[in-house]
Amino acid sequence: MSTITADHNGKPIVPNHPTIPFVEGDGVGSEVTRSMLRVVDEAVKRAYDERRSIRWKEVLAGKKAYDQTGEWLPKATMEAFRQYLIGIKGPLTTPIGDGIRSLNVALRQGLDLYVCLRPVRWFEGVVSPVKRPQDVDITVFRENTEDIYAGIEWDANTDKAKKFLCFLQEEMGVTKIRFPETSAFGVKPVSREGTERLIRAAARYTIETGRKHLTLVHKGNIMKFTEGGFKRWGYELIQREFAAELNNGTLIVNDCIADAFLQNALLKPEAYSVVATLNLNGDYISDMLAAQVGGIGISPGANINYTTGHAIFEATHGTAPDIAGKNMANPCSLILSATMLLDYIGWSEAARIIEKALAHCFTQGKATADLARFMPQGKPLSTSDFTQELLSHITL
């Protein structure tokens, strides 16, 4: 049997030759995905000889799916991710004018992947705009299914916006809308259940990895019942389910207002280890942190349901249509996301081989042009040449 399953705690049960679906992606997706597949296959072979291997299964989403099936996200793709539990994807374009609001959001919500996991760390040799990028080692747990990403909004001057305005004014007694006749409206749902499952996952990760410090980041001083609820429900959960860990010092929990965190993470990033935050805050925070270590080109990401075990690992950058097909794309985001996948299925030896090869390339100034141009004695390489360089260090 080649299908990954999950135990009653959501932990993956992995056969030696699992089938893992992948989406090639749009724009530079074909180039970075091709690179990732080669690198992962070689690292797995190096780590385990023939005892383990991945059976890759391509599934369609994005422009390639639309061209072949007339659908941006075919049902067969969703079913494949459900069936095989774990997958990986390249960057996807968002349809303009019609279709799904966001393919990425549709996948997260359709599979209830409630954690967006973004570990941010620095590799020696990568040039950063900050003085001490080595102090940045922060893992972000971003809530992935609620907040404004629920997509509940109405355009100004539409019948639905007028109806909602009427409800606010006449039923709810709202008087603080500055320009009611020309306002668009959005709804920001934040639930106790959504908050608790995110913070529970973040707390468990903090304990299991020995990181100790968990920070809840919110804007509860202004949004008192949504983001304020996130803070309150989070502390209540920690006190209820992790009292022993609090008492023995294996878990230390505090909180920080979002704007203060953005400043503090620049001035003293070493003060933070694991961060749990809401959807929009997490979007800002994870990209800001990535900029401190060289940009989203080397920033991995995953979308995970720790209850069912479902997970999709992904490139965190866009489709970069301006360089698509030019053999210039940086495949590191997707490659590092693949190392997260390997860790998730318990194949950490292969993940460390890839990271070691990346670190060796960077210290020698060998990278794609987006990184190499800033490195002293940088050696800009094409996507294919950089991939080959990585492979040469993996097979040593």
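Predicted model, so just to flag it, every value in this text is computed and none were measured.

Student: Just checking my understanding: could you explain the overall build of the chain for this structure?
Tutor: In terms of regular secondary structure, the chain is built from 14 helices and 16 strands. Radius of gyration (C-alpha) of the chain: 22 Å, near the 21 Å computed for a compact globule of 396 residues. Looking at the chain as a whole, 51% of its 396 residues qualify as buried. Long-range pairs, those at least 24 residues apart, make up 72% of the contacts in the chain between residues at least 6 apart in sequence. For the chain, the accessible surface area stands at approximately 18,300 Å², while carbon and sulfur atoms represent 52% of it. Placing the 45 positive and 46 negative side-chain charges of the chain at their respective mean positions leaves the two points 3 Å apart.

Student: Please explain the pairing of strand β7 (residues 137-143) as it appears in this structure.
Tutor: The two faces of the sheet receive side chains in turn, since in a regular strand these alternate between them. Taken across its 7 residues, β7 has 6 buried, putting it largely inside the fold. In the sheet, strand β6 (residues 115-121) pairs with β7 via 7 bridges, with the strands oriented antiparallel. Across the sheet, the residue bridging to R121 is D137, located in β7. One ladder, built from 4 bridges, connects β7 with strand β12 (residues 274-277); its direction is parallel. Looking at β12, one finds that F141 is bridged to A276.

Student: Can you help me understand the side chain of T368 in this one?
Tutor: Note on placement: T368 falls in strand β15 (residues 366-368). Ignoring sequence-local partners within four residues, the contact set of T368 consists of M328, A329, N330, P331, L381, S382, T383 and F386.

Student: Teacher, can you tell me more about the pattern of salt bridges here?
Tutor: As a working rule, side chains carrying opposite charge can pair if their charged atoms are close by. Counting across every chain of the model gives 24 salt bridges. For K64, the salt bridge identified is with E24, shortest N-O distance 3.5 Å. In this pair, K64 sits in helix α2 (residues 63-69) while E24 sits in the loop between β3 (19-23) and α1 (29-48), placing the two residues 40 residues apart along the sequence. A relative accessible area of 28% places K64 in the partly exposed class. Put simply, E241 and R200 hold a salt bridge, and the shortest N to O gap is 2.8 Å. Pair noted here: E241 is in helix α7 (residues 227-241) and R200 is in helix α6 (residues 192-208), with a separation of 41 residues, a long-range link. According to the relative accessible area criterion, E241 is partly exposed, its value standing at 34%. Residues participating in the shared-partner salt-bridge network are R192, E196, R200, E236, R240 and E241.

Conventions we followed
- Every residue gets a number counted from 1 within its own chain, in the order that chain's sequence is written.
- Whole-chain, interface and lining totals are the exception, using all residues; otherwise, since this is a predicted model, local features are given only for residues with pLDDT of at least 70 and side-chain atom pairs are given and counted only at 80 or more.
- Side-chain metrics rest on all non-hydrogen atoms present in the structure, leaving aside hydrogens and water.
- Helix and strand definitions here come from DSSP, where helices need a minimum of 4 consecutive H or I residues and strands a minimum of 2 consecutive E residues; each element is numbered from the N-terminal end.
- Our radius of gyration looks at C-alpha atoms and nothing else; its globule reference is 2.2 Å times the residue count to the power 0.38.
- Summary of the burial criterion: residues with accessible area below 20% of their type's maximum are buried, those above 50% are exposed, and those between are partly exposed, where the area comes from a 1.4 Å probe applied to protein chains only.
- Here, residues are in contact when the closest pair of their heavy atoms is within 4.5 Å.
- Residue exposure ignores everything except the shown protein chains as possible cover, and the areas themselves are Shrake-Rupley values with a 1.4 Å probe.
- For the charge count, each Lys or Arg is scored as positive and each Asp or Glu as negative, with His and the chain ends excluded.
- Where a charge sits is defined by one atom per residue type, namely NZ (Lys), CZ (Arg), CG (Asp) or CD (Glu).
- Each pair of strands is called paired provided DSSP finds at least two bridges between the two strands.
- Salt-bridge detection follows one rule: a side-chain nitrogen of Lys or Arg within 4 Å of a carboxyl oxygen of Asp or Glu.

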